[in-house]
Amino acid sequence: MQWAKESLDKLESSRLTRLNQSAHLPDSEEADAILRKYHPDYLGHIRQVNVGPNAGDQKFPLELAQLLEGNSPIEKDYNPIPEIETDVLIIGGGGAGAAAALTLHGKGLSVHLATKLRLGDSNTVMAEGGIQSAIGPDDSPRRHFADALVGGHGDNDPNLLRILCEQGPESIRWLSQLGCLFDQNEDGSFRLRGGGGTSVPRVLACRDYTGLEIMRVLKDAVRLTDTQLLEEHVAMELVDDGNSRVTGAILFDRNAGKKICVSARAVILATGGSGQIRLQGFPTSNHIGATGDGLVLAYRQGCRLINLDSYQYHPSGACYPEALAGQLVTEAIRSIGAQVVNSEGVHFINEMAYRDVLAGAIIREIADGRGIKTPHGKEGIWLDTPMIDLKNGEGALARQFPGLIHRFERYGIDPAKQPILIYPTLHYQNGGIRVDTECRTDVDGLWASGEVTGGLHGKNRLMGNSLLDITVFGRRAALSVIDNLPERGTVTLTNLKKFRAEQEKTGSETVSPKFFPDASGMKLEVKKSEENAKSDTKSAGFEPRNPFNF
């Protein structure tokens, strides 16, 4: 990185001085000032919506508000006739959906799991840092609760948060019994790390691919059950019984190129987040399927949404090389010694500040001219990763974070020897569908769990609480369905028709959900006749479009 030589020289010359010095940790007044001036949530890119349960009250990011006011892709004269009947339809193939499916297994119910990509393609696999659980000798669920409540700025639903913290240890046992291999100490105890906002080490990890490991065991376990998998089936709309109760969904089978109507006695939404709608043009660490579909579907059925004026911008998204822009650099790296340093070689803030405060502080440094500009015109600040080996012994970085080394070495960057450039990346949807402690939404027949829901994390989620969320509440939603399973109802589009009557008054021409990011070029395509398909094949180029590198 010769283009940054002057700044790198300053960083390296200050390294030994910084080695044993902590940087300033903002107090609450200073943190609030940073947030209000620099954090993307506070910059006014929000508005009220004019249709649906939240019309005229809560504000939403502009991009999301447009989707919530959008019209359905379902034709107005479409007549839903069920081709599949099931007891429970789970929509979403990530961690929350898989946990629900495993909990429903063996209960004498028919279960279908629909996912618009493949089972496991989700934000769960993108989670690197770990999963929180109060299992340490000086820890307790109460302490976990207090940390998360402060981190969430007090906006957490205390009843949901209490359940999360109390069920943490049992969730770790469950995942371990399924085969999840958490890192251990030499004596066989679980290795615990600190995280931003944790008062004691509480984060269990599988090196730096914790979400991938958890999803691996969940996915394998689901495939051993009698759950009927509907992979590459996109949820286009929910259906109801004519009296507001949800009774199934209309899916789009991407392989067959046609719609399929599913009648279900209960529906669990586990569709994940919405980072791929790219608020304010931010890069994102999210999976390609994270386009907020579940928010739109639930909203049209009458579910209120909460805290969606709040998103999490992870402080350490990769900024360079360009091919990695937006990808996550786990917070765990900062917890064991990597420092955030500006272009002048100054360690400008304690890197274990809350995520939103640290993200705001990084944006401030760049706004004030202390960022480092890449050859592609982006700006970031340094994450001094070589500091990890200086503090923990040679080889510590490579042993604990092999995924990071692997990603950067392909571009000639060894994070053990040279710092990496970072910039906040759109990472997590703090708000979502309002649910109660049993994961029931405002609408009968519809449950929700995981990132698609709101309330649990307040307005700033702590590291490691999302993987615990999908485990605890994915299972809890399934248990509630078992205890409260309705009788099968008729299948209509009454709720959609009511929404459309309001929506058409707004004049919006947007069609939603979004299903896939615009830049991916992916869309729902009705299957063509064999003759037309041959014609298209002749004219198509050899190289398919890469949907992931955009």
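Each value, and the rule that gives it
Residues numbered from 1 in each chain as written. Predicted model: local features only at pLDDT ≥ 70, side-chain atom pairs only at ≥ 80, totals over all residues. Heavy atoms only, no water. Buried < 20%, exposed > 50% of the residue type's maximum accessible area, 1.4 Å probe, protein only. Helix = DSSP H or I, 4+ residues; strand = E, 2+ residues; numbered from the N terminus. Arc of directions from axis to C-beta. Contact = heavy atoms within 4.5 Å. Pairing = 2+ DSSP bridges.

> Talk me through helix 14 (residues 402–409); I want residue IDs and the actual numbers.
Residues spaced three or four apart along an α-helix face the same direction, because each turn holds 3.6 residues. For helix 14, the full list of buried residues reads Leu 404, Ile 405, Arg 407 and Phe 408. An end-on view of helix 14 places all buried positions within 165 degrees of arc, on one side of the element. The elements touched by buried residues of helix 14 are strand 12 (311–318), helix 10 (331–335), helix 13 (396–400) and strand 16 (420–429).

> Would you mind going over the pairing of strand 16 in detail, with residue names and values included?
Burial analysis of strand 16 places nine of its 10 residues in the buried class, which makes it a mostly covered element. For strand 12 and strand 16, the ladder comprises six bridges, and the chain directions are antiparallel. Considered in strand 16, the bridge of Gln 312 is made with Tyr 428. Sheet topology note: the strand 15 (residues 379–384)/strand 16 ladder contains three bridges and is antiparallel. When the sheet's bridge partners are listed, Trp 382 is paired in strand 16 with Leu 421.

> Mind laying out helix 5 (residues 141–151), listing which residues take part and the relevant values?
Turning to helix 5, its buried residues are His 144, Asp 147, Ala 148 and Gly 151. Seen along its axis, helix 5 keeps its buried residues to an arc of 95 degrees; they face one direction. Pointing more than 90 degrees away from the buried face of helix 5 are the exposed residues Arg 142 and Val 150. Lining the buried residues of helix 5 we find strand 5 (131–132), helix 6 (158–166) and helix 15 (465–483). Two residues or fewer past helix 5, His 153 is found with a positive phi of approximately 60 degrees.

By themselves, these figures tell us nothing about what the structure is for.
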